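So you can see what is in the structure, the chains are spelled out below.
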Amino acid sequence: MEHIEALGALIEVAPDSTVSRTVLKAEGARVVLFAFDAGQELSEHTAAVPILLQALDGRLRVGADGEHVELTPGGLVHIGSRVPHDVLALEPSRMVLTMLDPRSS
């Protein structure tokens, strides 16, 4: 078992920046924290494995497959492998990315 008590304490929003930090590599999953200042984005890209996105705070616009949703704390987005997607911070925000890969450890 691996335990992280307070994900939000591990990353801070930096002015005019996007910051990322891998906080867990475990069997079947990798967890990466992102911190975005307002207006910062991850341009369209794909992931080789399915992913889950969760907002710790703030508001993010997530786009995938021609659809956009607003991700706020308490929400969850699943995106399948190889699906083009993008993320835009509508305000300073922190996000958890979980990469689901049964081959990883």
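Residues numbered from 1 in each chain as written. Predicted model: local features only at pLDDT ≥ 70, side-chain atom pairs only at ≥ 80, totals over all residues. Heavy atoms only, no water.

1. A word on the packing of aromatic side chains
For any pair of aromatic rings, the description rests on two quantities: the centre-to-centre distance and the angle between the ring planes. The condition that has to hold: The criterion for an aromatic pair is that two Phe, Tyr or Trp rings (for Trp, the six-membered ring) have centres within 6.5 Å, with stacked assigned to planes under 30 degrees apart, edge-to-face to planes over 60 apart and tilted to the rest. Accessible area is worked out with a 1.4 Å probe on protein chains only. A residue is then buried under 20% of its type maximum, exposed over 50%, and partly exposed in between.
In total, this model carries one aromatic pair according to the counting rule given. Ring centres 5.9 Å apart and planes at 10° place the aromatic pair F34 and F36 in the stacked group. Across the pair, F36 and F34 agree in class, each one buried.

2. Things to note about the sheet that holds strand 3 (residues 41-45)
Put simply, the rule reads: Here, strands pair whenever DSSP counts at least two bridges between them. Here a helix means four or more residues in a row that DSSP labels H or I, a strand means two or more in a row labelled E, and each is numbered from the N terminus. Here an angle of 0 to 180 degrees is reported between the N-to-C directions of two axes, which are lines fitted to C-alpha atoms, with helices fitted over the stretch in contact.
Strand order in the open sheet made by the four strands is 3-8-5-6, with antiparallel pairing throughout. At either margin of the open sheet sits one strand with a lone partner, and together these are strand 3 and strand 6 (67-71). Each neighbouring strand pair of the sheet contributes to a mean axis angle of 15°, computed without reference to strand direction. In this sheet, strand 8 (residues 85-89) lies alongside strand 5 (residues 60-64) in antiparallel orientation, the contact comprising five bridges. Among the inter-strand pairings, G63 is bridged to a residue of strand 8, identified as D86.

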